[in-house]
Amino acid sequence: MPPFAGSNGIHHDSSSNIVTIDVGGQLFQTTKQTLSLAGSKSFFSKIASSDHAIPFVDRDPELFSILLSLLRTGNLPSKAKAFDIQDLIFESQFYGVENLLLNSQSNPSQFDAFNLEKSFVLPLSGRDSPSAISTTPCGSLHVAHGSKVTSFDWSLQRKSTILTQFTAIDSLLALYPAVAAAGATDFSGLQILDLDKGYVKDTLNWENVTKSGSTVQAIGASPEHLFTSFESSRRNSNCIMIYDLNDNLRPVSKIGHYEIFGADLDSAIPATKLQWVSSHNLLMASGSHSGPSGVSGNIKFWDIRSGNVVWELKEKVDCFSDVTVSNVLGTMFKVGVNTGEVFCADLRTWMPITLGFACKGGNLELWSEILLGTVEKQETGLPERVFRKNLMGRAKDMGGNRITNINFGGSKMFLTRKDQHCVEVWSSVRSF
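The paragraphs below set out a description of the structure included in this document. (Residues numbered from 1 in each chain as written. Predicted model: local features only at pLDDT ≥ 70, side-chain atom pairs only at ≥ 80, totals over all residues. Heavy atoms only, no water.)

### Observations regarding the overall build of the protein chain
For the record, the criterion: A run of H or I in DSSP counts as a helix once it spans at least four residues, and a run of E counts as a strand once it spans at least two, with each numbered from the N terminus. Buried means the residue's accessible area, taken with a 1.4 Å probe over protein chains only, is under 20% of the maximum for its type, while exposed means over 50%, and partly exposed covers the values in between. Two residues qualify as a contact provided that any one of their heavy atoms is within 4.5 Å of a heavy atom in the partner residue. Surface exposure here means Shrake-Rupley accessible area, sampled with a 1.4 Å probe, where a residue is shielded only by the protein chains that are shown.
Scanning the protein chain from N- to C-terminus turns up five helices and 30 strands. Out of the 432 residues belonging to the protein chain, those deemed buried represent 47%. Within the protein chain, residue pairs in contact and separated by at least 24 positions form 48% of the contacts whose partners lie at least 6 positions apart. Accessible surface for the protein chain amounts to roughly 21000 Å². Of this, 51% is attributable to carbon and sulfur atoms.

What follows is the structure, encoded as structure tokens:
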């Protein structure tokens, strides 16, 4: 018998807004408006349009009950915890409502930073520790470990692994659900990988004046562009290439092109981290270099339309070991390589904020801004800003090896640690 049959000998009033459905021998009643929330292309729309008889659906009634509750409220009921998430996914795919299930379980709006706990770990095959991770807005995860890339779907239940041409992958960025950009500091070119079929869709290269090959130092992206930091194989030049994501990765322009002559150390530092700052429409590019006098580096904010640097910070005393920008707070944070302390700068005025917190070991810290009224700083005329450090997780979650990667996707946080062959998944305690 097909999963959906339109006649069982019982008739109902076609003008009524109430819809009766027989699922696996159990009757359910709902409204046409509720069924319409599933979308016009879903299986529920076929049920709603069956006007002459109570439709019979040859599926599990208990799983149907869960998905009907999802339609009514937008959330899974508490009894859903008794079912395997994979069963719910398969059933939601049959009814055409997987997007609703995804939104209820892995929606970025549900991310609760103050309520994160270490939920479980995702083991990786082989003996290589993760070198890079990348996520998508729906919560799927891609992990580079050695020459392999392992991908997990949004439920983190299904995974697949592909083997690449790299000895080890240093940079990884998800461009689409099943497509990622990957590069290495010892392998020429940026490869665009099809993660489903396991092949190279395209290879992007940059050549300097000597026509030597180039390796990838960092990858970043905005909604319209892909950014790649290249360094020549001879390490005598570097630049940042900009590609159009909406036009088959067509090269648009390049910024920060430096040809190195003599002992010009500043121009010899390629960008090893790229981050699009959407609140200012700027590209942050940072890089550091270890020399006889210690670690030095620079942080630059580029206007990609004009190709000019609008703000630059040169680091020589306590250079950054990592740097990032919060679009929400309008603030740049850096971790000092010598002190391990966190410092920040207000991007509204490009003025440093004089506070620092310890960020040592394997602990996670969450910074939150405290509103203190309208007390203004004399030099800027803007309200004074104070941040508070919050230790994250339960007591048993704290400590551990040094954290090497942190990323966010859907309603979860993912992190990796030095010499560990797994990915930690942190989620809100209210997650399914």
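Continuing now.
### Remarks on the packing of aromatic side chains
Cut-off, in case you're wondering: Classification of ring pairs rests on two measures: the distance between centres of Phe, Tyr or Trp rings, Trp counted by its six-membered ring, which must be within 6.5 Å, and the angle between planes, read as stacked under 30 degrees, edge-to-face over 60 and tilted in between. A positively charged side chain is recorded as over a ring if its NZ (Lys) or CZ (Arg) lies within 6 Å of the ring centre. The angle to the ring normal must also be within 35 degrees.
Within this structure, the stated rule accounts for 11 aromatic pairs. Consider the rings of Phe-111 and Phe-408, whose centres lie 5.6 Å apart with planes at 90 degrees: the pair is edge-to-face. Of the two residues, Phe-111 sits in the loop between α5 (98-105) and β5 (116-123) while Phe-408 sits in strand β28 (residues 403-409), which places them 297 residues apart along the sequence. On the basis of relative accessibility, which here comes to 28%, the residue Phe-111 falls in the partly exposed class. Given the relative accessible area of 45%, Phe-408 is considered partly exposed. Here Phe-166 and Phe-187 contribute two aromatic rings whose centre-to-centre distance is 5.0 Å and whose plane-to-plane angle is 65 degrees, an arrangement assigned as edge-to-face. With Phe-166 in the loop between β9 (159-163) and β10 (171-176) and Phe-187 in strand β12 (residues 187-194), this residue pair connects regions lying 21 residues apart in the sequence. For Phe-166, a relative accessible area of 2% puts it in the buried group. When its relative accessible area of 25% is taken as the criterion, Phe-187 is described as partly exposed. The cationic tip of Arg-59 hangs over the ring face of Phe-94; the distance from NZ or CZ to the ring centre is 3.9 Å.

### A look at the sheet that holds strand β21 (residues 308-315)
The following threshold applies: Only when DSSP finds a minimum of two bridges between them are two strands counted as paired. To obtain each axis, a line is fitted to C-alpha atoms, and for helices this fit is confined to the stretch in contact; angles are then taken between N-to-C directions over 0 to 180 degrees.
One open sheet holds the four strands; their spatial order is β18-β19-β20-β21, and the pairing between them is antiparallel. Two strands lie at the open edges of the sheet, namely β18 (273-277) and β21, each paired on one side alone. When the angles between neighbouring strand axes are averaged without regard to direction, this sheet yields 20 degrees. Looking at chain direction, strand β20 (residues 294-303) and β21 are connected through seven bridges and run antiparallel.

### A closer look at the environment of Lys-148
By secondary structure assignment, the location of Lys-148 is in strand β8 (residues 148-152). Overall, the relative accessible area of 17% leaves Lys-148 in the buried class. Considering only alpha carbons, one finds Lys-148 and Thr-164, 16 residues apart in sequence, at a separation of 5.8 Å. Those residues in contact with Lys-148, other than ones at most four positions away along the chain, are Ser-125, Asp-128, Val-143, Thr-161, Ile-162, Leu-163 and Ile-169.

### So, α5
We count it as follows: Taking the helix axis as origin, the arc is that swept by the directions to the C-beta atoms.
All of the buried residues in α5 are Leu-101, Leu-102, Ser-104 and Gln-105. Looking down the long axis of α5, one finds its buried residues gathered within 165 degrees of arc, a one-sided arrangement. Those residues of α5 that are buried lie in contact with α3 (61-73), α4 (85-95) and β29 (412-417).

### Considering the sheet that holds strand β6 (residues 130-135)
Pairing in this open sheet of four strands is antiparallel, and the strands run β6-β7-β8-β9 from one edge to the other. Of all strands in the sheet, those bounded by a partner on one side alone are β6 and β9. Across this sheet, the average inter-strand angle for adjacent strands is 20 degrees, counted without regard to direction. Note that β6 and strand β7 (residues 141-145) share five bridges and pair antiparallel. Looking at the pairing, Ser-134 lines up with His-142 of β7.

### Observations concerning the side chain of Lys-300
Put simply, the rule is: Lys and Arg are tallied as positive, Asp and Glu as negative. Neither His nor the chain termini are counted. Any carboxyl oxygen of Asp or Glu within 4 Å of a side-chain nitrogen of Lys or Arg constitutes a salt bridge here. Whenever two N or O atoms come within 3.5 Å, that pair is a polar contact, provided that in protein one can donate a hydrogen and the other can accept it, and provided that, for residues adjacent in sequence, both atoms are side-chain atoms.
With respect to the secondary-structure elements, Lys-300 resides in strand β20. Buried charged residue Lys-300 carries no salt bridge. Nearest counter-charge: Glu-312, at 4.1 Å. A polar side-chain atom of Lys-300 sits 2.6 Å from a polar atom in the side chain of Tyr-258. If we ignore the near neighbours within four places in the chain, the residues touching Lys-300 are Tyr-258, Leu-283, Met-284, Ala-285, Val-309, Trp-311 and Glu-312.

### As for the pairing of β20
In terms of burial, β20 is a largely internal element, eight of the 10 residues being buried. Where strand β19 (residues 282-291) folds back on β20, the antiparallel hairpin that results is connected by two residues.

### Description of the nonpolar core
Side chains of nonpolar character tend, in soluble globular proteins, to be buried together. Put simply, the rule reads: As used in this record, nonpolar core signifies buried Ala, Val, Leu, Ile, Met, Phe, Trp, Tyr and Cys residues forming a set joined through side-chain atoms within 4.5 Å.
Ile-21, Leu-35, Phe-44, Ile-47, Phe-64, Leu-88 and Tyr-95 are the most contacted members of the largest nonpolar core, which totals 28 residues. Only β2 (18-23), α2 (43-48), α3, α4 and α5 provide two or more residues apiece to this core. For this core, the element with the most residues is α3, which contributes seven residues. Not counting residues up to four positions away in its chain, the partners in contact with Tyr-95 are Val-23, Ser-42, Phe-43, Phe-44, Val-57, Arg-59, Phe-64 and Leu-67. One finds Val-179, Leu-190, Ile-219 and Met-241 within the second-largest nonpolar core, a separate group that totals 17 residues.

### Side note on the pairing of β28
The sheet contact formed by β28 and β29 spans six bridges and is antiparallel. Each bridged residue has a counterpart across the sheet, and for Ile-403 the counterpart in β29 is Arg-417. Connecting the antiparallel pair β28 and β29 is a turn made up of two residues, with Gly-410 showing a positive phi of about 60 degrees.

### A look at the packing of α3 against α4
To describe two helices that pack against each other, one gives the angle between their axes and the distance between the axes. Stated precisely, the cut-off is as follows: Any angle that is under 35 degrees is reported as roughly parallel, and any over 145 degrees as roughly antiparallel; angles of 65 to 115 degrees are reported as roughly perpendicular and all others as oblique. Only Asp, Glu, Lys and Arg are considered charged, only Ala, Val, Leu, Ile, Met, Phe, Trp, Tyr, Cys and Pro nonpolar, and every remaining residue, Gly among them, polar.
Where α3 meets α4, the closest approach of the two axes is 10 Å, and the angle between their N-to-C directions is 75 degrees. The pairing of α3 with α4 is recorded here as roughly perpendicular in orientation. Residue-level contacts link Leu-63, Phe-64, Ile-66 and Leu-67 of α3 to Asp-87, Leu-88, Glu-91, Ser-92 and Tyr-95 of α4. Across the contact of α3 with α4, the residue classes tally to six nonpolar, one polar and two charged.

### Side note on α4
Among the residues of α4, those classed as buried are Ile-85, Gln-86, Leu-88, Ile-89, Glu-91, Ser-92 and Tyr-95. Where α4 is buried, its residues meet β2, α2, β4 (56-57), α3 and α5. Backbone nitrogen of Gln-86 and a side-chain oxygen of the N-cap are separated by 2.7 Å at the start of α4; the cap is Asp-84. Downstream of α4 by a residue or two, Gly-96 has a phi angle that is positive, lying close to 75 degrees.

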